[in-house]
Every structure is written in structure tokens, then in C-alpha cells.
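Take a look at the letters that make up each chain.
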Amino acid sequence: MAILLNSGFKIPIIGLGVWRMEGKSIRDLLINAIKIGYRHFDCAADYQNEAEVGEALSEALRTGLVKREDLFITTKLWNSDHGHVLEACKDSLKKLQLEYLDLYLVHFPVATKHTGVGTTASALDDNGVLDIDTTISLETTWHSMEDLVSMGLVRSIGISNYDIFLTRDCLAYSKVKPAVNQFETHPYFQRDSLVKFCQKHGICVTAHTPLGGAAANSEWFGSVSCLDDPLLKGLAEKYKKTVAQLVLQWGIQRNTVVIPKSSKLERLLENYEVFDFQIFAEDMEKIKEVDRKCRTNQPAKFWGIDLYS
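Structure report, in brief. (Residues numbered from 1 in each chain as written. Predicted model: local features only at pLDDT ≥ 70, side-chain atom pairs only at ≥ 80, totals over all residues. Heavy atoms only, no water.)

1. Overview of the overall build of the chain
Rule in force here: Per the convention used, a helix needs a DSSP run of H or I reaching at least four residues, while a strand needs a run of E reaching at least two, with both numbered from the N terminus. In this description the radius of gyration comes from C-alpha coordinates, and the expected globular size is given by 2.2 Å times residues to the power 0.38. For the exposure calls, accessible area comes from a 1.4 Å probe over protein chains only, and a residue counts as buried if that area is under 20% of its type's maximum, exposed if over 50%, partly exposed in between. Should any heavy atoms of two residues lie within 4.5 Å, those residues are considered in contact. We get accessible surface area from the Shrake-Rupley algorithm with a probe of 1.4 Å; when it comes to residues, only the shown protein chains can shield them.
For the chain, the count of helices and strands is twelve helices and ten strands. The globule rule puts the C-alpha radius of gyration for 309 residues at 19 Å, and the 19 Å found for the chain is close to it. Projected onto its principal axes, the C-alpha positions of the chain cover 55 × 50 × 35 Å. Taking all 309 residues of the chain together, 53% fall into the buried category. Contacts in the chain between residues at least 24 apart in sequence constitute 74% of all its contacts with a sequence separation of at least 6. Within the structure as shown, the chain displays about 13800 Å² of accessible surface, and the carbon and sulfur contribution to it stands at 51%.

2. Quick look at the nonpolar core
Selection rule: Side-chain atoms within 4.5 Å are what join buried Ala, Val, Leu, Ile, Met, Phe, Trp, Tyr and Cys residues into a set we call a nonpolar core.
Ranked by size, the top nonpolar core spans 43 residues in total, and within it L30, F41, Y104 and M145 carry the most contacts. Breaking this core down by element, the ones donating at least two residues are α1 (25–36), α2 (50–62), β5 (72–77), α3 (85–96), β6 (101–106), α4 (138–150), β7 (154–160) and α5 (164–173). Considering each element in turn, this core owes the most residues, six residues, to α1. Aside from chain neighbours lying at most four places away, what touches Y104 is T75, K76, L77, V85, A88, C89, M145, L148, V154, S156, I157 and G158. Y188, C204, L248 and I259 belong to the second-largest nonpolar core, a separate cluster that totals 36 residues.

3. Some thoughts on the sheet that holds strand β3 (residues 16–17)
Worth spelling out the cut-off: Two strands pair under a simple rule: DSSP has to find at least two bridges between them.
Across the sheet, which stays open at both edges, the eight strands sit in the order β3-β4-β5-β6-β7-β8-β9-β10 with parallel pairing between neighbours. One side of each edge strand has no neighbouring strand; the edge strands of this open sheet are β3 and β10 (257–258).

4. Observations regarding the packing of aromatic side chains
Where we set the bar: Aromatic pairs are defined between Phe, Tyr and Trp rings, using the six-membered ring for Trp, whenever the two ring centres lie within 6.5 Å; interplanar angles under 30 degrees are classed as stacked, those over 60 as edge-to-face, and all others as tilted.
By the definition in use, this model includes eight aromatic pairs. Seen from their ring centres, Y239 and F277 are 5.9 Å apart, and the 45° between their planes marks the pair as tilted. Remark: F277 occurs in the loop between α10 (265–272) and α11 (281–288) and Y239 occurs in helix α8 (residues 230–239); sequence separation between them is 38 residues. Taken as a pair, Y239 and F277 share a single burial class, namely buried. Summarising the aromatic geometry, the rings of Y239 and F280 are spaced 5.7 Å apart at their centres and angled 55° between planes, so their arrangement reads as tilted.

5. So, α2
Selection rule: For a helix, the expected span equals 1.5 Å multiplied by the number of residues minus one.
Between its first and last C-alpha atoms α2 spans 18 Å; for 13 residues at 1.5 Å apiece the expected length is 18 Å, and the two agree. Where α2 is buried, its residues meet α1, β4 (40–42), β5 and α3. Directly after α2, the chain includes G64, whose backbone phi takes a positive value near 80°.

6. Some thoughts on the side chain of N161
Structurally, N161 is set in the loop between β7 and α5. Among the residues examined, N161 registers a relative accessible area of 11% and is labelled buried. Excluding its chain neighbours within four sequence positions, the residues that come into contact with N161 are H107, F108, P109, N181, Q182, F183, H208 and Y308.

7. Considering the layout of surface pockets
Any empty space left between atoms is shown by rolling a water-sized probe over those atoms. The following threshold applies: Here a cavity means grid points, on a 1 Å grid over the protein atoms only, where a 1.4 Å probe fits yet cannot get out; a pocket means an open set of points with protein on both sides within 12 Å along at least five of seven lines; lining residues are those with an atom within 4 Å of a point. Grid points are joined across faces, edges and corners, and a volume is the space filled by probe spheres set on the points. By the convention adopted, Pro, Cys, Tyr, Trp, Phe, Met, Ile, Leu, Val and Ala count as nonpolar, Lys, Arg, Asp and Glu as charged, and the other residues, Gly among them, as polar.
By volume, the second largest pocket amounts to about 200 Å³. Lining the second largest pocket are D163, I164, F165, F189, R191, D192, S193, L194, D291 and K293. In terms of residue count, helix α6 (residues 192–200) provides more of the lining of the second largest pocket than any other element does, three residues in total. Here the residues of the lining of the second largest pocket are counted per class, giving four nonpolar, one polar and five charged.

Nothing here speaks to function; it is all geometry.
Given below as C-alpha cells:
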């Protein structure tokens, strides 16, 4: 299954996020994911594993496991490179061993002190607060993103972690419209207004953290996982699926792309086996009731400032 983007390209509706994947395990995970059927991989310069992902993709292509035209590779511009978009994109392409990206996203709507292309340190000021660069506008950054499309380095461009106001602004100043807005959304953080606004204006929504971060975000940020919700557990039993499968299908039925992350082979397989059932309309309505408006991914922990407040 895939969604047609406003750029004319199709994005697979389920992908694999590679955040917090490390070292040699990446090769086996990606090769196995491709064998399972994954074709969409969500990367970022900030994940600091583009080179390892590139090695795995290169092997898969070289051995004929998959063709480049069948893959959809996303990566993201880091905050410190807003003034160096072309260089940052080329750096990611080199590490990923690709000639073009299927999708390049502005990772966060904030420019920070430049720390050198290829590095993704979040520079802090003397007070331990994120060192925000006030000389580069998001509009300037976006026009540099548009240049990447003209140059053939990127097929589609998009935004990430943009709210309604910033998304509206991007639509107003863009020549090439954002094809995607990637942001956190799951049953405990449904963000229905933002989802509907994007879809109304032809922007595909990609749900990062589509399972609510589960144990990993609970450990990092102290958040509560929707996978333990009693209503969701009951519905999962009804459909004879795991709670994760139910939640992913809920995201798919909202017409959002979902990019779950897993470092376990059995979970990779489980997360992909969601195309053989549909959630009834009345149960989709019930899931609306569990929304806690609870963000689980909290970069303020590292930045000394809450950019969402």
C-alpha cells in the first residue's frame, strides 16, 4: 500500500524508522526488513547511523535483493545545517551511498548554531540552553530545500514537527509545496486537527513514534505507553492481533504513513503484518476516547528549552 504525494511520487504506507539503531546490527536488521517486505526506510543525519544504513542498502542493491526504484529513502536536515542545506544533503547522500533521496525533511522548525556539516551536535549556550540561530528564517531554509529538487538530488521535500501555524506559513511561501509533514501521533497523542489540516491541503502525514515510543520513550522521557491501554488491549483481542498491530492499523486507516522502529526481527515481522484486517468504524470512534494529548518524545530534555510551549 502507498499514498500518492503531491510531488507525483508514491510513499509506502508503512516504513521502518532507524532512530537508535546502532552499529553492526543495522545491516542484519535492514536486510531482514527488506526480505520481509519493507521498502520505506526513515533516516536522519541526527541519528548518526546514515553510513551504516548506506552500507546495508548498498549490499541489498548490489546483491539484487531489491532495486533502487523500489526503495523509498527518507532522511532529514539537522537544525545546525539550515544555512548549509546543499552541503548537508550531499553529505547524507554520500553516507547513504545514494544518487538521490526520495524524501528530504526539515527535521525541526528551528535553526541552531552551525557545528559543521556532518556533525549533529546541539550546541548549548552558557546557560545550557539550545543556541538558536535567529539569522536564518524557515522560509530561507525552505527555498534552499526547493533548490535540491531542481538539482535532481531530491524527489520530494517536506517538513517535520511543524504545527498548524508553521505548516500554513510554509504553504504560503513555498514554490514547491511540502509533500509530507512528519510528526508524533498515536492514540495517546492523536492531533486530529493537525492531521486533518495537512490532509486538507494535500500534505501527507507521516506518524513518527506511531506506537507511542513504548519502553524506549518510557525509559528516556518517563512517558506512558498506549500499548498498555485497557481499551486498546481489549480491541486487539477482538481482532486477534497484538496491540501494536492494532495501533499501526489505526494509523493506516487515518490515511497516515506509519514508521515504527524495532531492533528485533520478530517485531519487524509483526509490525508488517497489518494488512489482513480492518478496524470497524465504531471501534475507530472508541479509540478517539483514549486521546491524552500526551507527547512522548521530549527533546527539551537535551536542549534545556521546551520549543513546544
